[in-house]
Amino acid sequence: MTQVRLLYFSRATRDMSLSDLKDILGKARANNDSLEVCGMLCYENRYFLQALEGERSALNELYLDIAEDPRHDEITLISYCEVDSPTFERWKMGYAAGSAEFYRLLKEMGQTEFSPAVMNEAQALSFLKLMSGNQSGI
Ligand SMILES: Cc1cc2nc3c(=O)[nH]c(=O)nc-3n(C[C@H](O)[C@H](O)[C@H](O)COP(=O)(O)O)c2cc1C
C-alpha cells in the first residue's frame, strides 16, 4: 500500500481555546488510530501547521474532511509525497504550541512570528519534526 505524507497550513477562524484544541486533538487521535494515520499539529498566532501520514486513500479522504472543518479556512497545501517510512509514527497526532522552544526554533529560522505561509516545504517539515520532540502536553 502506498504511504504518503501531506503538509498544510491554515488559518483558525477564531482564537482557539485550550478546550477547542483538546476537542480537535481528542477527535483526531481517536480517528487517526482507527485509520492508521499519524502526524503532528502546531497551533500559534491563529495558524495551524499540520503533517499527516498514512495510507494514500485514507489520508486523502481525511484531508478532505479536515479541509471542510469550519474551525479553520484558507487551507494551503504545502506538499504531498510518497514516503517509505513515516516520520511521525509515534504520534496519532502530536501537538505543540508557542513554547519557549517553539520561539527559539522560529528565531533560528529567522522568524519572530509563527507564519507558516513564509515557510518552504523543507522548513515546515523540519519545524514539525523538531517540535515533535518538544510537544505541549495536551
Ligand atoms: C486544524 C485541524 C486539524 C484536524 N486534524 C484532524 C486529524 O488529524 N484527524 C481527524 O480525524 N480529525 C481532525 N480534525 C477534525 C476534523 O476536521 C473533523 O472534525 C473530525 O474528523 C470529525 O470526526 P467525526 O466525523 O468522527 O465526528 C482536525 C480539525 C482541525 C481544525
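### A short note on the pattern of salt bridges
Two side chains bearing opposite charge may form a pair once their charged atoms approach each other closely.
Then comes step 1: All chains considered together, the criterion is met by seven salt bridges.
Then comes step 2: D23 is paired through a salt bridge with R71; the nearest N and O atoms lie 2.9 Å apart. Taken as a pair, D23 in helix α1 (residues 18–35) and R71 in the loop between α2 (56–67) and β4 (72–82) lie far apart in primary sequence, 48 residues in all.
Then comes step 3: On the basis of relative accessibility, which here comes to 44%, the residue D23 falls in the partly exposed class.

### Things to note about the site of the ligand
Then comes step 1: Around the ligand, the structure places 15 residues, and the nearest of them are K27, N31, N32, Q50 and D69.
Then comes step 2: A distance of 3.1 Å is found between a nitrogen atom of the ligand and a side-chain nitrogen or oxygen belonging to Q50.
Then comes step 3: One nitrogen or oxygen atom from the side chain of D69 is found 2.6 Å from an oxygen atom belonging to the ligand.
Then comes step 4: Contact with the protein chains hides 79% of the accessible area of the ligand, taken as 620 Å² for the molecule alone.
Then comes step 5: In a pocket analysis with a 2 Å cut-off to the grid points, the ligand is assigned to the largest pocket.

### Some points on the nonpolar core
Then comes step 1: Judged by nonpolar contacts, the single largest core of 21 residues is most densely connected at M16, L41, Y43, F48, L52 and Y95.
Then comes step 2: The set of elements that each furnish at least two residues to this core consists of β1 (3–12), α1, β2 (38–44), β3 (47–55) and α2.
Then comes step 3: Setting aside chain neighbours within four positions, we find Y95 in contact with L21, L25, R29, M40, L41, Y43, Q135, S136 and I138.
Then comes step 4: Membership of the second largest hydrophobic core comes to 20 residues, among which are F9, A96, L105 and L106.

### Observations concerning helix α4 (residues 121–132)
Then comes step 1: In this model, α4 (12 residues) spans 16 Å end to end at C-alpha, consistent with the 16 Å of a helix rising 1.5 Å per residue.
Then comes step 2: Regarding α4, the residues found buried are A124, L125, F127, L128, M131 and S132. One side of α4 holds all its buried residues, which, seen down the axis, span an arc of 160°.
Then comes step 3: Those residues of α4 that are buried lie in contact with β1, β2, β3, β4, β5 (94–96) and α3 (100–108).
Then comes step 4: One side-chain oxygen at the N-terminal end of α4 lies 3.2 Å from the backbone nitrogen of A122; it belongs to N120.

### Let's talk about the sheet that holds β3
Then comes step 1: Ordered in space as β4-β1-β3-β2-β5, the five strands form an open sheet in which the pairing is mixed. Among the strands making up the open sheet, the edge pair consists of β4 and β5. On average, adjacent strands in this sheet sit at an angle of 15° to one another, irrespective of strand direction.
Then comes step 2: As paired elements, β1 and β3 share nine bridges and run antiparallel to each other. The residue of β3 that forms the bridge with F9 is L49.

Definitions and limits used
- Residues numbered from 1 in each chain as written.
- Predicted model: local features only at pLDDT ≥ 70, side-chain atom pairs only at ≥ 80, totals over all residues.
- Heavy atoms only, no water.
- Salt bridge = Lys/Arg side-chain N within 4 Å of Asp/Glu carboxyl O.
- Helix = DSSP H or I, 4+ residues; strand = E, 2+ residues; numbered from the N terminus.
- Buried < 20%, exposed > 50% of the residue type's maximum accessible area, 1.4 Å probe, protein only.
- Near = heavy atom within 4 Å.
- Polar contact = N/O pair within 3.5 Å; in protein donor to acceptor, adjacent residues only side chain to side chain.
- Areas by Shrake-Rupley, 256 points an atom, 1.4 Å probe, with all protein chains shown as cover.
- 1 Å grid on protein atoms, 1.4 Å probe; cavity = no way out; pocket = protein on both sides within 12 Å on 5 of 7 lines; lining within 4 Å.
- Sits in = over half its atoms within 2 Å of the grid points.
- Core = buried A, V, L, I, M, F, W, Y, C linked by side-chain atoms within 4.5 Å.
- Contact = heavy atoms within 4.5 Å.
- Expected span 1.5 Å × (residues − 1).
- Arc of directions from axis to C-beta.
- Pairing = 2+ DSSP bridges.
- Axes fitted to C-alpha atoms, helices over the stretch in contact; angles between N-to-C directions.

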